[in-house]
Amino acid sequence: MKDNFLQGIISFLIYTFTCFLIVEWLKPVMELTNTDHLSLFVIYLSVSFFFYFIKLNWKVTIPIKLVFISWTIVHIYTDYSFLSRDSLNYLSESLQHNFVSIFSQEWGAITDPFRTFLFFALLWMTTYLLNYWITIRKTILLFFILTVLFITILDTFSPYNAKNSIVITLISGFIIMGLLYIQKLIKENQVSIRGTFVTASITSLIVLVMISGITAYAMPKAGPIWPDPVPFFTTSTLEVDEREGNGASVNGVKRVGYGENDEQLGGAFQSDDTPVFWAKTDTPQYWKVETKDTYTSKGWVQSEEETPLLSFGSGELFETDFPPGAEEYTEEANIMLAQEFPLILQPYGMKSIQTNEEALFTSNPLTQKISVLNSSNSVLWDYNVTFSEPSYSLKAMRETSVEDLSLVPAELQRYLQLPDTLPERVKELAVSITEDRISLYDKALNIERYFRGNNFSYNQTMAAVPRGDTDYVDQFLFETKVGYCDNFSTSMVVLLRSLDIPARWVKGFAPGERANVEGLGSVYEVTNNNAHSWVEAYFPNVGWITFEPTIGFSSSANVIYDIESQTDEPQTPEQQEEKPEEQAATGKKDDDVSFSLTTFLQDTLEWMAERKAAIIWGLIILGIISLFAYSRRGKWLPKVLIPVGRMRKNDWNSFEKMYHQLLQQLSLHGMRREQGQTLLDFAKKVDKDIGTNHMTDLTKVYQQGFYGNNKTEINYASIRESWEYLINRISG
């Protein structure tokens, strides 16, 4: 009686924690499908496991479960009393309607109440399977592993937060496996269990597992090594909007290039080295095309303000927001288009445009665009620009302060715009990055430098498209940290505006590469790959200054170092930026490692996508082979066990494992141990069927070592021969 009571306690704990496990399957299903009434499903599970625990006859359990399911459906979907005629009519009509829909294959006509019934049926089968694993197989390892995989995958690839569920699952799973192992030892060895033994075993098991789980949950944890993969997978669906202009789409992926529609940023780009123009100039330049002032949380648009256009002719001097530098540094660049491009490409400090054609130019002060008004086709294929790169006094920029922001002109207020939906943590990040700096220039430099570390990486194919209410900048700063120039430049503009520093988003082209082009000589070749975006920030008493936050790009304003450098001052971008050779000498940085892992993931997914059919067929064939091998394991497994057993040491641990393997092989070949049958009686029966005495000898040695604790006087070499004989004999 006492043994049965203690066995009941163990079984009750096993069923209880198993119920906890399956509830962790229900929680994400309920949350992600917006399904209510979780408590009713939990009650159903608890009742089902309780029936298995008390071993209630199926003739009683089935009607009770059906009544509970029916009551649940009536309670959820109607206002009828369960025992009323209306509820019975409702249930019968619902069943009739849904069965007709199923037989006619009208799947869309299946009603929600019937789907609820099917879900209960699924839970019914799941609890039955778990009860089989608990009572017969004495293991739920497979279900435990599947539960962990299910929860962790949902936590990674869905909005479901499984932080607590993972802890509950691990604690429950380890406790169940420990209790089942205790049950298995008791059953196999016919041990009479004592209260103190059971209490000590169960208590120590539960306490140890729970303390380990709670400690692991409470301890600080390192941040993720890889960026959030969800946005990349959503981008990989190729359901991103195409940009206008040269941003054409190839198989759903945008081709890199200049486009004027930036309302939806993000998404993968395919490289394109088609030349856009050639620039014959002595020094590399950033080629500005336009700016935008309104951030929408998904991308950029231009405000609808009307402003008079400024007109000027060929060779006439005109003004921009970037006054040219000293006269002695004036240069001339010859621009030759390789493809039609309707806007003028502007180096910083531009003074005038010269062309052999008759042309009138218009400049939009809001967008900074310069267009050709009356040239043929409004496109100049060959023109010259004169410019003198502007320079800035470091002393003047270091003297800028937060108080100076009150001097920002009213017409620049639009460059402080931020959407009302911008998450507060973006503004908090801007403050934390710059709180140790006084001047506005140093604050901007700190933001520019922020992207050089902190696990950000440059990648054109893994940039996320923000879905739903997700903010483009917030997603990049806190979740993905993977993207290209649009991500970096937009984020810096938003961070600057969060500090009330006027900033605008600039689009154009990076300098390109020096090349020898036939008929043109040595020129800078600028391709679609060089389409780029960067940042312009405004400082009172200084003016507009360019910043380059994108990893891998190093353009910066021409700064005159007219003050002595100090050790506590932030380094200039030129000082921060290491050349590739220097980085190789100093070793890989953390963000390089992260980028390498990200690139490896990307290449792996691309390789799998290209071989999708072969992989699917390979998995199908492998599955068929595995099923065939599993069904025939009684034939080939012994041939594996013997050479593996010969590699083991001649000691008790090896013998104990080999003995249990022998019991499993006997069970596979139909020689199963009966309920209540001792090991020795079972061994004598096996020897009688086979016609040997080896099983009896092995069992006596096993009992001598297990119960008598006499493990040193055993002739392991001799019993190994008996074990091999039996393995070969039963396998035929």
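Predicted model only: the values in this text are computed from it and were never measured. (Residues numbered from 1 in each chain as written. Predicted model: local features only at pLDDT ≥ 70, side-chain atom pairs only at ≥ 80, totals over all residues. Heavy atoms only, no water.)

(A) Molecular detail of the overall build of the protein. When helices and strands are tallied, the protein shows 23 helices and 22 strands. Per-residue burial for the protein yields a buried fraction of 45% across its 732 residues. Contacts spanning at least 24 positions in sequence make up 73% of the contacts within the protein whose residues lie at least 6 apart. (Helix = DSSP H or I, 4+ residues; strand = E, 2+ residues; numbered from the N terminus. Buried < 20%, exposed > 50% of the residue type's maximum accessible area, 1.4 Å probe, protein only. Contact = heavy atoms within 4.5 Å.)

(B) Main features of the nonpolar core. Ranked by size, the top nonpolar core spans 52 residues in total, and within it Phe451, Leu477, Leu495, Leu496, Phe539 and Phe547 carry the most contacts. At the level of secondary structure, the elements contributing two or more residues to this core comprise α10 (394–398), α11 (424–434), α12 (440–450), α13 (472–480), α14 (485–498), β17 (503–509), β20 (531–539) and β21 (543–547). Sequence-distant contacts of Leu495, defined by excluding residues within four places in its chain, comprise Val426, Leu429, Ala430, Ile433, Ile447, Phe451 and Leu477. Leu13, Leu123, Ile202 and Leu205 belong to the second largest nonpolar core, which has 40 residues in total. (Core = buried A, V, L, I, M, F, W, Y, C linked by side-chain atoms within 4.5 Å.)

(C) Region of interest: a nonpolar patch on the surface. On the surface, Leu141, Leu142, Ile145, Leu146, Leu149, Ile153 and Phe157 cluster together into a nonpolar patch covering about 630 Å² of accessible area. If you trace the backbone, Leu149 turns up in helix α6 (residues 141–157). Given a relative accessible area of 44%, Leu149 falls into the partly exposed group. (Patch = residues over 30% accessible without salt bridge, like charges linked within 9 Å, V, L, I, M, F, W, Y side chains within 5 Å. Areas by Shrake-Rupley, 256 points an atom, 1.4 Å probe, with all protein chains shown as cover. Salt bridge = Lys/Arg side-chain N within 4 Å of Asp/Glu carboxyl O.)

(D) Structural context of the sheet that holds β17. If you walk across this open sheet you meet the 4 strands as β5-β17-β20-β21, and the pairing is antiparallel. The sheet is open, and its two borders are formed by β5 (287–292) and β21, each paired with just one other strand. Between one strand axis and the next, the sheet turns through 35 degrees on average, direction left out of account. Pairing of β5 with β17 involves 5 bridges; the strand directions are antiparallel. Paired with Lys288 across the bridge in β17 is Gly508. Strands β20 and β21 of the sheet are contacted by α12, whose axis makes an angle of about 20 degrees with β21. Packed onto the sheet, α14 meets β5, β17, β20 and β21 and runs at close to 15 degrees relative to β20. (Pairing = 2+ DSSP bridges. Axes fitted to C-alpha atoms, helices over the stretch in contact; angles between N-to-C directions.)

(E) Structural context of unusual backbone geometry. Positive phi, normally seen in glycine, also occurs at Lys138, with a value near 60 degrees. Within the element layout of this structure, Lys138 appears in the loop between α5 (112–137) and α6. We classify Lys138 as buried; its relative accessible area is 17%.

(F) How the structure looks around the sheet that holds strand β19 (residues 521–527). Strand order in the open sheet formed by 6 strands is β10-β13-β9-β4-β19-β18, with antiparallel pairing between adjacent strands. Here the strands that pair on one side only, and so sit at the sheet edges, are β10 (350–354) and β18 (513–517). Shown here is a sheet whose adjacent strand axes are inclined to one another by a mean of 35 degrees, direction ignored. Of the strand pairs in this sheet, β10 and strand β13 (residues 382–387) are connected by 4 bridges, and their pairing is antiparallel. Its bridge partner lying in β13, Gln354 is registered against Asn384.

(G) A look at α14. Taking 1.5 Å per residue as the helical rise, α14 with its 14 residues ought to reach 20 Å, and the 20 Å between its terminal C-alpha atoms agrees with that figure. By the criterion of burial, α14 is predominantly enclosed, with 14 of the 14 residues buried. Immediately downstream of α14, the backbone of Asp500 shows phi near 70 degrees, a positive value. (Expected span 1.5 Å × (residues − 1).)

(H) The side chain of Thr116, seen in detail. Examined against the element boundaries, Thr116 turns out to sit in helix α5. On the basis of relative accessibility, which here comes to 9%, the residue Thr116 falls in the buried class.

(I) Structural context of the pattern of salt bridges. Under the definition given, this model contains 15 salt bridges. Residues Glu24 and Lys27 are paired through a salt bridge, measuring 3.1 Å at the closest nitrogen-oxygen approach. Note that Glu24 and Lys27 are positioned in helix α1 (residues 2–32) at a spacing of 3 residues, about one turn of the helix. We note a salt bridge from Glu290 to Lys369, for which the minimum N-O separation is 3.7 Å. One end of the pair, Glu290, is in strand β5; the other, Lys369, is in the loop between β11 (360–363) and β12 (370–372), with 79 residues separating them in the sequence. One network of salt bridges, in which partners are shared, links Lys288, Asp321, Arg504 and Glu536.

(J) Spotlight on α11. What α11 keeps buried is the set Val426, Leu429, Ala430, Ile433 and Thr434. End-on view of α11: buried residues confined to an arc of 110 degrees, all on one side of the axis. Where the residues of α11 are buried, they touch α12, α13 and α14. (Arc of directions from axis to C-beta.)

(K) Just the confidence of the model for the protein, in detail. Counting all residues, the mean pLDDT for the protein is 82, and 85% of those residues have values of 70 or more. A low-confidence stretch, residues 566–595 (pLDDT under 50), is modelled with 44 contacts involving residues beyond four sequence positions or located in other chains. (pLDDT = per-residue confidence, 0-100.)

(L) Local environment of the packing of helix α22 (residues 694–706) against helix α23 (residues 716–730). Relative orientation of the contacting elements α22 and α23 amounts to 135 degrees, with a least axis distance of 9 Å. With respect to α23, the axis of α22 lies oblique. For the pair α22 and α23, the crossing hand works out as left-handed. Contacts between α22 and α23 involve His694, Met695, Leu698 and Val701 from the first element and Ile719, Ser722, Trp723, Tyr725 and Leu726 from the second. (Parallel < 35°, antiparallel > 145°, perpendicular 65-115°, else oblique. Left-handed = near helix turned anticlockwise from the far one by under 90°.)

(M) Region of interest: the environment of Ile151. Counting through the fold element by element, Ile151 comes out in helix α6. With relative accessibility at 1%, the residue Ile151 sits in the buried group. Expressed as a C-alpha distance, the spacing of Ile151 and Pro28, which sit 123 residues apart in the sequence, is 8.0 Å. Setting aside anything within four residues of it in sequence, one finds Ile151 in contact with Glu24, Ala162, Ser165, Ile166 and Thr169.

(N) A look at the side chain of Lys443. You can see Lys443 is positioned in helix α12. Notably, Lys443 is buried but unbridged: the nearest opposite-charge side chain belongs to Asp436, and the N-O separation is 7.0 Å. A distance of 2.9 Å separates a polar atom in the side chain of Lys443 from the backbone oxygen of Arg437. In this structure, Lys443 is in contact with Val402, Thr434, Arg437 and Ile438, ignoring residues within four places of it in sequence. (Lys, Arg positive; Asp, Glu negative; His and termini not counted. Polar contact = N/O pair within 3.5 Å; in protein donor to acceptor, adjacent residues only side chain to side chain.)

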